[in-house]
Amino acid sequence: MKATQRQIVLGRDMLRLPLLGRLLRGRHGRLLLQIPMTALALLLVIDGFVGPQSAARNLATVAPWVHYRGLVVLALLLAGNLFCMACPFTLPRSLAKRLSRRGLRFPPRLRNKWLAIGSLFALFFVYEYLDLWASPLLTAWLILAYFIASFVLEALFRESAFCKYICPLGSFNMVYSTLSPTQIAVRSHDTCAQCVGKECVNGSYAAQPVIRIDEIAIGSGAPQTVPVAHGPTGALGCGTELFAPQLRSNMDCTMCLDCVRACPHDNASLFLRAPGSELSQPDSLPRRWDMSLLLIALAFMGVSNAFGMVPPYYALQEWLALNLGITSEFVVLLLIFTAFNLALPALASVGAAYAGRYLGGADRRDSLRDTVAAFAPAFVPVGFGIWFAHYSFHFLVGPGLILPVVQEFLGGAGDWATWGFSLDASVIGLLQVAALIGGFLWSLRLAQSTALRLYRRRATLGMLPWALLHLLLMLAAWQIFTLPMEMRGSLSLFG
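Residues numbered from 1 in each chain as written. Predicted model: local features only at pLDDT ≥ 70, side-chain atom pairs only at ≥ 80, totals over all residues. Heavy atoms only, no water.

## Thoughts on the overall build of the chain
And step 1. Summing up its helical and strand segments, the chain has 22 helices and 6 strands in all.
And step 2. A compact globule built from 495 residues would reach a C-alpha radius of gyration of about 23 Å, and the chain, at 24 Å, matches this within 12%.
And step 3. Projected onto the principal axes, the alpha-carbon positions of the chain cover approximately 75 × 70 × 40 Å.
And step 4. Buried positions account for 55% of the 495 residues belonging to the chain.
And step 5. In the chain, of all internal contacts separated by at least 6 residues, the share reaching a separation of at least 24 is 79%.
And step 6. Working note: accessible area of the chain is about 21,900 Å², and carbon and sulfur atoms make up 66% of it.
And step 7. Between the mean site of the 39 positive side-chain charges and the mean site of the 26 negative ones, the chain shows a separation of 9 Å. (Helix = DSSP H or I, 4+ residues; strand = E, 2+ residues; numbered from the N terminus. Rg over C-alpha atoms; globule rule 2.2 N^0.38 Å. Buried < 20%, exposed > 50% of the residue type's maximum accessible area, 1.4 Å probe, protein only. Contact = heavy atoms within 4.5 Å. Areas by Shrake-Rupley, 256 points an atom, 1.4 Å probe, with all protein chains shown as cover. Lys, Arg positive; Asp, Glu negative; His and termini not counted. Charge placed at Lys NZ, Arg CZ, Asp CG, Glu CD.)

## Details of the nonpolar core
And step 1. Counting residues in each nonpolar core, the largest one holds 108 residues, and the members touching the most others are Tyr176 and Leu298.
And step 2. Dropping the residues within four chain positions of it, Tyr176 is found in contact with Leu76, Leu298, Ala299, Val380, Gly383, Phe384 and Trp387.
And step 3. If you look at the next biggest cluster of nonpolar residues, it comprises 20 residues, including Met14, Leu24, Cys253 and Cys259. (Core = buried A, V, L, I, M, F, W, Y, C linked by side-chain atoms within 4.5 Å.)

## Things to note about the pattern of salt bridges
For side chains bearing opposite charge, pairing can occur when the charged atoms are close.
And step 1. In total, this model carries 13 salt bridges according to the counting rule given.
And step 2. For Arg57, the salt bridge is made with Glu408, and the minimal N-O distance between the two is 2.9 Å. Of this pair, Arg57 sits in the loop between α2 (29–50) and α3 (59–78) while Glu408 sits in helix α18 (residues 402–409); the two residues are 351 residues apart in sequence, bridging distant segments of the chain.
And step 3. A salt bridge links Arg111 to Glu159; the shortest N-O distance between them is 3.9 Å. Highlighted residues: Arg111 in the loop between α5 (93–99) and α6 (114–129) and Glu159 in the loop between α7 (136–156) and α8 (161–166), separated in sequence by 48 residues.
And step 4. In this structure Arg111 comes out as partly exposed when scored by relative accessible area, which is 30%.
And step 5. According to the relative accessible area criterion, Glu159 is buried, its value standing at 1%. (Salt bridge = Lys/Arg side-chain N within 4 Å of Asp/Glu carboxyl O.)

Shown next, in the form of structure tokens:
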């Protein structure tokens, strides 16, 4: 089936596949994915509290900090935002939503990505400052904090504020799901125009059973009478309040498929598409400073997160302590993180926008905000390449380590000799180089497309500052990955 939506060409309807479609569309389709993920999260919490406090031998540290991160980047690239679809932290959502039917609206001033940027910054900072990768106990507390924060915010507000505005994991996933080959869309925009209840966003839950009659014209046929039932067993609408026929991007979509289950006309679905389709569309993402900085800062955070695991990082800490007289590790780390993760991406992008507008001959035509917003999507591929190279490294150094950890958790003896293997270093290095170069070339292509749209004949000059930024990011990551890197969680197994 072929469909178009805001110039994005959609391919196969994945929910028309016999087994997969029936599973995902079912009323309890998401629950079937959330239950095992919730069970796993509870096992991590249990082992984090009562298990051995050796990072390399505890589920709470090995599973999330080594295996989850390696698998999630692969899933984002191949299938989309699967983690948010199966997210265990939103399992109590149905109960919380019953409590919030008359709940508050999230404050208008906070309906943006500034909290998401802050939460990402805070998570990476706390991860480094408290050595979360080395502390099963603190990781277990972090998992519990996720459950509590998600439930409380779902219960307080009518929209899923935690997922849309706050959750750092969700923000990471939603940014890089823009590269994925899947997207929620509708089969017929005419059907949506005739729909009365807009259940895809409003849901079909009601305290008392109610039946509404819609007249829907299917295709070019005559209108048909369709009964629409609402009641206590009705489906929730979109938690992040996205209206299916107006979706232009995977941003803010948790891929929960609640819109699909709630649609009374079987019109919303999950489609295949060209990977990264929305990144080349000028109207796919809002032109706001917060959205632009989120996309750009995540790429810089990928570099700084890897930088925190190599020797020059510790040399920089010592230099700051000696030359600035700062003895507090907290303050030193805060300065480094603020400089690399917030100040540098903001200044670099504004500087590139000024230079690009001047070189492209449009310094008086386009606003600074719109210029940065136009080029911000081009940072997604290079940023993803950096994160993929980093997380895949940790995963491939010990892909089987989770198995002896599970064996010991169950009371047996861990077979470390069999499962403590690592892929060849040259193979891992080749994969990292491919990810970095692939991401850079993809970003370069997007920047070129944007420059052609904005600067036409002077496009090459206009894109130069942005191309330089992408190149520097790739080279910085490349240099970092050639240095000895902390194994973090598996060092004792190879020493």
